Amino acid sequence: MPQAVLAIAGLIAITVALIGQGIEMRKIRIRTYGEGEVGHPNIFLDKKNVKWYILIAIGFILAYSAQLA
């Protein structure tokens, strides 16, 4: 049972983080480059993405710990 809870929590964390990062990156691209422009690859290095990267890492850690349990 705890394995399933950890796996589901990890999946939820990863899903929320990826969706949130996509929305955040769209906001950054529109703010920096405008609506019709394609963003630069350095958009991944913006400081506002750090919280999403941390949440993705937490989700992977939870999913991995579910495999070990």
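Details of the structure are given in the entry above.
It should be emphasised that the depicted structure is a prediction, and the values quoted were computed from it without experimental measurement.

## Examining the overall build of the protein
Working step 1: When helices and strands are counted, the protein shows 2 helices and 0 strands.
Working step 2: Radius of gyration (C-alpha) of the protein: 15 Å, far over the 11 Å computed for a compact globule of 69 residues.
Working step 3: Viewed in the frame of its principal axes, the protein has a C-alpha envelope of about 50 × 15 × 15 Å.
Working step 4: A total of 69 residues make up the protein; the buried ones form 22% of that total.
Working step 5: Here the analysis covers contacts within the protein between residues at least 6 apart in sequence; of these, 63% occur between residues at least 24 apart.
Working step 6: Carbon and sulfur atoms provide 72% of the accessible area of the protein, an area that totals close to 5,000 Å².

## Considering a nonpolar patch on the surface
Working step 1: The grouping of Ile8, Ile12 and Val16 at the surface amounts to a nonpolar patch, some 270 Å² of accessible area in total.
Working step 2: By secondary structure assignment, the location of Ile8 is in helix H1 (residues 2–33).

## Examining the packing of H1 against helix H2 (residues 50–68)
Working step 1: Put simply, H1 and H2 touch, their axes get as near as 7 Å, and they point 160 degrees apart. If you check the angle between H1 and H2, you find them roughly antiparallel. Like other packed secondary-structure pairs, H1 and H2 cross with a definite hand, here left-handed.
Working step 2: Here the residues of the contact of H1 with H2 are counted per class, giving 16 nonpolar, 6 polar and 2 charged.

## Observations regarding H1
Working step 1: Compared with an ideal rise of 1.5 Å per residue, which puts 32 residues at 46 Å, H1 spans 46 Å between its outermost C-alpha atoms and is within 8% of the ideal.
Working step 2: Along H1, the positions that sit buried rather than exposed are Gly10, Ala13, Ile14, Ala17, Gly20, Gln21, Glu24, Met25 and Ile28.

## Side note on the pattern of salt bridges
Working step 1: Scanning the model with the defined rule gives 1 salt bridge in all.
Working step 2: With a closest N to O distance of 3.9 Å, Lys51 and Glu24 form a salt bridge. Remark: Glu24 occurs in helix H1 and Lys51 occurs in helix H2; sequence separation between them is 27 residues.
Working step 3: Overall, Glu24 belongs to the buried group, its relative accessible area being 13%.

## Considering the side chain of Gln21
Working step 1: Within the element layout of this structure, Gln21 appears in helix H1.
Working step 2: Once residues within four sequence positions are removed from consideration, Gln21 is found in contact with Phe44, Asn49, Trp52, Tyr53 and Ile56.

About the thresholds
- Residues numbered from 1 in each chain as written.
- Predicted model: local features only at pLDDT ≥ 70, side-chain atom pairs only at ≥ 80, totals over all residues.
- Heavy atoms only, no water.
- Helix = DSSP H or I, 4+ residues; strand = E, 2+ residues; numbered from the N terminus.
- Rg over C-alpha atoms; globule rule 2.2 N^0.38 Å.
- Buried < 20%, exposed > 50% of the residue type's maximum accessible area, 1.4 Å probe, protein only.
- Contact = heavy atoms within 4.5 Å.
- Areas by Shrake-Rupley, 256 points an atom, 1.4 Å probe, with all protein chains shown as cover.
- Patch = residues over 30% accessible without salt bridge, like charges linked within 9 Å, V, L, I, M, F, W, Y side chains within 5 Å.
- Salt bridge = Lys/Arg side-chain N within 4 Å of Asp/Glu carboxyl O.
- Axes fitted to C-alpha atoms, helices over the stretch in contact; angles between N-to-C directions.
- Parallel < 35°, antiparallel > 145°, perpendicular 65-115°, else oblique.
- Left-handed = near helix turned anticlockwise from the far one by under 90°.
- Nonpolar A, V, L, I, M, F, W, Y, C, P; charged D, E, K, R; others polar.
- Expected span 1.5 Å × (residues − 1).

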